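Descriptive analysis of the structure
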Amino acid sequence: MLNIAKAFKDTKSVKGPFHGACYDKVLEKYEGKEFNLLEIGIFRGDSLVAWHKCFPGAKIFGIDRAVGVGKGFPDISFATVMLGDQSYPPFMTKVAKDIGVIDVVIDDGGHFSDDQQVSFNCLWPVVRKGGVYIIEDLWAAEKNTVNGFECTLNFLEKLDIRKDFYEGFFEFKHDICVLYKD
Ligand SMILES: C[S@@+](CC[C@H](N)C(=O)[O-])C[C@H]1O[C@@H](n2cnc3c(N)ncnc32)[C@H](O)[C@@H]1O
């Protein structure tokens, strides 16, 4: 049985038990399977290690605009890391083309409205039928709206795509959004 919260804790990922409970439910069907997982926002690499432990059959991809390599940072040589800005459409278009088909996307990057929406617009077309696209920390983009990009919660609510919202620890509603490619 998956226990993703434990993997986050063991690896020192910044994600907490709330994220773990959400992911146990949403990603249960991928246990023991081979699939492509992309996380936007790597930081030290801890969450990539957690994904690798929970889903040893998964091909893991990570995006960050600045990946640190430092003392005590984990070995993430199992993953394919792409350096760039998730709010820059040419970079994200290339990521989509290079990976080809993605089963699971987790956006834990910059949490600004342009970050979230540019990434979604570029990657959603290559999410496999049956796959999921997850955006964390929606509460941040209630404040972090960028010129020309509305609050991501409003953007998502207008999409005709099946989705679930998971409530988090914060006073803001809708902390995590899971979109399903039916
Ligand atoms: C919350 S941390 C990721 C934490 C990691 N997923 C974990 O659980 O340990 C957010 C990361 O997003 C990256 N980031 C912020 N804005 C970005 C952008 N516009 N494009 C790519 N990466 C970005 C930061 O460099 C940082 O490493």
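With that settled, the discussion passes to the sheet that holds strand β7 (residues 176–180). Taken together, the 7 strands give an open sheet; going across it, the order is β3-β2-β1-β4-β5-β7-β6, and neighbouring strands pair in mixed fashion. The sheet terminates laterally at β3 (80–83) and β6 (163–166), the two strands that pair on one side only. Neighbour-to-neighbour, the strand axes of the sheet open up by a mean angle of 15 degrees, direction not taken into account. In the sheet, β6 pairs with β7 via 4 bridges, with the strands oriented antiparallel. Residue pairing for β7: Tyr-166 is matched across the bridge by Ile-176.

The ligand sits among 20 residues. The nearest are Gly-41, Phe-43, Ser-47, Gln-86 and Gly-110. Of all elements in the fold, only α3 (46–54) and β2 (59–64) reach the threshold of two or more residues within the shell around the ligand. Grouping the constituent residues of the shell around the ligand by class yields 5 nonpolar, 7 polar and 8 charged.

For any two helices packed against each other, one specifies the crossing angle of their axes together with the interaxial distance. As a packed pair, helix α4 (residues 89–99) and helix α5 (residues 113–123) sit with axes 9 Å apart at the nearest point and diverge in direction by 35 degrees. For the crossing formed where α4 meets α5, the hand is right-handed. Between α4 and α5, the contacting residues are Pro-89, Met-92, Thr-93 and Ala-96 on the first element and Val-118, Ser-119, Cys-122 and Leu-123 on the second. Tallied by class, residues from the contact of α4 with α5 come to 6 nonpolar, 2 polar and no charged.

Residues Leu-37, Trp-51, Val-104, Val-105, Leu-123 and Tyr-133 are the most contacted members of the largest nonpolar core, which totals 48 residues. Excluding residues that lie within four positions of it along the chain, Tyr-133 makes contacts with Val-105, Phe-120, Leu-123, Trp-124, Val-127 and Leu-179.

Here is what the cut-offs are and how they apply
Residues numbered from 1 in each chain as written. Predicted model: local features only at pLDDT ≥ 70, side-chain atom pairs only at ≥ 80, totals over all residues. Pairing = 2+ DSSP bridges. Helix = DSSP H or I, 4+ residues; strand = E, 2+ residues; numbered from the N terminus. Axes fitted to C-alpha atoms, helices over the stretch in contact; angles between N-to-C directions. Near = placed C-beta within 6 Å. Nonpolar A, V, L, I, M, F, W, Y, C, P; charged D, E, K, R; others polar. Left-handed = near helix turned anticlockwise from the far one by under 90°. Contact = placed C-beta atoms within 7 Å. Core = buried A, V, L, I, M, F, W, Y, C linked by C-beta atoms within 7 Å. Buried ≥ 20, exposed ≤ 12 C-beta atoms within 10 Å, placed from the backbone.

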